[in-house]
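Overview (structure and organization)
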Amino acid sequence: MDDDLLAWRREFPILERSTYLVSHSLGAMPRAVWSELQAYADTWATRGVRAWAEGWWQMPVTLGNRLGSIIGAAPGSVVMHQNVSVCQSLVLSCFDFDGPRNKIVYEDLNFPSVMYIYEAQRARGARVHMVPSEDGMRVPLERMLEAIDERTLLVPLSHVIFKSGYIQDVQAITRRAHQVGALVVADLYQSTGNVPVDVSAWDVDFATGGSVKWLCGGPGAGYLYVAPRLHAKLEPRMTGWMAHAHPFAFETGPIEYAPDVTRFLHGSPAIPALYAARAGYEIISKLGVPRIREKALRQGRLVWQAAEERGLEPRSPSNPAERSSMMILDVPDGAAVARELIRREILVDHRPGAGIRLSPHFYTSDEELLHCLDSIREILDAGAHRAHMKAGGVGF
Ligand SMILES: Cc1ncc(COP(=O)(O)O)c(C=O)c1O
């Protein structure tokens, strides 16, 4: 199979020694991260404190713009933070729950960290409505739409479900939310970099995600998109001096919010993480997500068929259009099998209630996918995973 994207393999050192099928958790490190981190250290070493004025201070916005071009955000509508949990908390700090519009609607397949944050709002008067999934894979769209009513304030949802790869219809949910005056907070962590995303066309109010996974950007570079129409209306109470209209005036007393997206900033940013993230963004932007998606659809079909031929049960939506690059295999003793795969340098992970998660990314060859499936079959047949049975789940 002719696959131009495989030329990118040489940019990812770990691919020389590992079968890397875990980009839904931590994307492989681009070689250019070394030079980015060197550039960070050189700047600090040679420019010292002047580095702030020469780019560091602006970096949460300049890098936000770079990321924004991947998710369809207008320049000046994305800021960088440490992670999704911080971004969600910052969004929530803009709202009160003591009025009649105090309902939060979310699905039980959201990422747990996001649930913890919304559930905690009950103490502030929020009514939290969780929409259950029937199969643990998909969220029933009709149920989501029904649950969103005139009392709903916020709808936090995952574009792609972390346990199954299921792609939710963000646009339909946003349409419904807007009909009744509710706002949507889209978690794009499992989609950005592998499934096309367009926050402007979908008209979502907020979006957030991180760089660890499909963007190959490493930890510490979360992003927050706020629709430009909302900037002037919102006053986050989770705030800091970077959100001030004149931070270097060091004014005392209450904050005067910046008029633009910088009002959604906080304190001093994690500059090294922002340098590291640039390398992955450059590659993903150069390739374009539609090209990555096209390959994922082909390899998804390959994995599905090869899994069935080997008697392994996929536990993701069967319709390729409904699932991301990630696939789940529900094999007996999945956690122990995943441990044995990792011991053999085939990097996957396991999630309780789901199964073994494995993902091709643009740098994955067909041979690697077949090698992984053959290995699972062989491990199960030989009982090679039994040695790991007492060790419990695979944490990472
Ligand atoms: C959908 C989704 N949201 C959020 C997170 C993580 O959030 P945070 O950046 O706060 O660690 C993950 C995975 O780690 C995820 O899969």
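Anything mentioned here points back to the structure above.
Definitions and limits used
- Residues numbered from 1 in each chain as written.
- Predicted model: local features only at pLDDT ≥ 70, side-chain atom pairs only at ≥ 80, totals over all residues.
- Heavy atoms only, no water.
- Salt bridge = Lys/Arg side-chain N within 4 Å of Asp/Glu carboxyl O.
- Helix = DSSP H or I, 4+ residues; strand = E, 2+ residues; numbered from the N terminus.
- Buried < 20%, exposed > 50% of the residue type's maximum accessible area, 1.4 Å probe, protein only.
- Pairing = 2+ DSSP bridges.
- Axes fitted to C-alpha atoms, helices over the stretch in contact; angles between N-to-C directions.
- Contact = heavy atoms within 4.5 Å.
- Phe/Tyr/Trp six-rings, centres within 6.5 Å; stacked < 30°, edge-to-face > 60°.
- Near = heavy atom within 4 Å.
- Polar contact = N/O pair within 3.5 Å; in protein donor to acceptor, adjacent residues only side chain to side chain.
- Areas by Shrake-Rupley, 256 points an atom, 1.4 Å probe, with all protein chains shown as cover.
- Nonpolar A, V, L, I, M, F, W, Y, C, P; charged D, E, K, R; others polar.
- Parallel < 35°, antiparallel > 145°, perpendicular 65-115°, else oblique.
- Left-handed = near helix turned anticlockwise from the far one by under 90°.

The full count for this structure, using the stated rule, is 25 salt bridges. With a shortest N-O distance of 2.9 Å, Arg-343 and Glu-340 are connected by a salt bridge. With Arg-343 and Glu-340 both in helix α11 (residues 334-343) and three residues apart, the pair spans about one turn of that helix. With a closest N to O distance of 2.8 Å, Glu-340 and Arg-344 form a salt bridge. The exposure class assigned to Arg-344 is partly exposed, which follows from its relative accessible area of 27%. Because the salt bridges share partners, they merge into one network encompassing Asp-3, Lys-295, Arg-298 and Asp-366.

Turning next to the sheet that holds strand β3 (residues 103-107). Strand order in the open sheet made by the seven strands is β2-β8-β7-β6-β5-β3-β4, with mixed pairing throughout. Each end of this open sheet is capped by a strand with a single partner; those strands are β2 (78-81) and β4 (127-131). Neighbour-to-neighbour, the strand axes of the sheet open up by a mean angle of 20 degrees, direction not taken into account. Taken together, the five bridges between β3 and β4 define a ladder with parallel strand orientation. For Lys-103, the partnering residue across the bridge sits in β4 and is Arg-127. Sitting on the sheet, helix α4 (residues 84-92) touches β2, β5 (152-158), β6 (183-187), β7 (206-209) and β8 (222-226), and the angle it makes with β7 is about 160 degrees.

Quick look at unusual backbone geometry now. One non-glycine residue, Phe-250, lies in positive phi territory at about 45 degrees. Here Phe-250 shows up in the loop between β8 and α9 (271-287). Here Phe-250 falls in the exposed class, since its relative accessible area comes to 54%. A positive phi angle, close to 70 degrees, is found at Glu-345, a residue other than glycine. According to the relative accessible area criterion, Glu-345 is partly exposed, its value standing at 34%.

Looking now at the packing of aromatic side chains. Tallying each qualifying case throughout the model produces 15 aromatic pairs. Pairing Trp-52 with Trp-56 gives two aromatic rings, centres 5.5 Å apart and planes at 90 degrees, and the pair type is edge-to-face. A residue pair is termed a helical-turn pair when its members lie 3 or 4 positions apart in one helix, as Trp-52 and Trp-56 do in helix α2 (residues 50-56) at four residues. When its relative accessible area of 30% is taken as the criterion, Trp-52 is described as partly exposed. Here Trp-56 falls in the buried class, since its relative accessible area comes to 8%. Note on Phe-95 and Phe-206: the rings are 6.2 Å apart at their centroids and 90 degrees apart in plane angle, and the pair reads as edge-to-face. One end of the pair, Phe-95, is in the loop between α4 and β3; the other, Phe-206, is in strand β7, and 111 residues separate them in sequence. The burial state of Phe-95 is the same as that of Phe-206; both residues are buried. Feature note: the residues Tyr-40, Trp-44, Trp-52, Trp-56, Trp-57, Trp-241, Phe-248, Phe-250 and Tyr-275 constitute an aromatic cluster, connected by ring pairs.

Below, the discussion takes up the site of the ligand. Around the ligand, the neighbouring residues are Asn-83, Val-84, Ser-85, Phe-111, Phe-162, Asp-187, Tyr-189, Gln-190 and Lys-213. The contact in question runs from an oxygen atom of the ligand to an N or O atom on the backbone of Val-84, over 2.9 Å. Take Lys-213: an N or O atom from its side chain is 2.9 Å from an oxygen atom of the ligand. Protein contacts shield 83% of the accessible area of the ligand, which totals 400 Å² for the unbound molecule. Looking at the shell around the ligand residue by residue, the classes come out as four nonpolar, three polar and two charged.

Relative orientation of the contacting elements α11 and helix α12 (residues 366-382) amounts to 120 degrees, with a least axis distance of 10 Å. Comparing the axis directions of α11 and α12 gives the class oblique. Of the two elements, α11 crosses α12, and the hand of that crossing is right-handed. Where α11 abuts α12, its residues Val-337, Glu-340 and Leu-341 lie against Cys-372, Ser-375, Ile-376, Ile-379 and Leu-380. Grouping the constituent residues of the contact of α11 with α12 by class yields six nonpolar, one polar and one charged.

Let's shift gears to the environment of Lys-213. Structurally, Lys-213 is set in the loop between β7 and β8. Separated by 159 residues in sequence, Lys-213 and Glu-54 have C-alpha atoms that sit 29 Å apart. Residue contacts for Lys-213: discarding those within four places in its chain leaves Ser-23, His-24, Ser-25, Gly-27, Tyr-189 and Gln-190.

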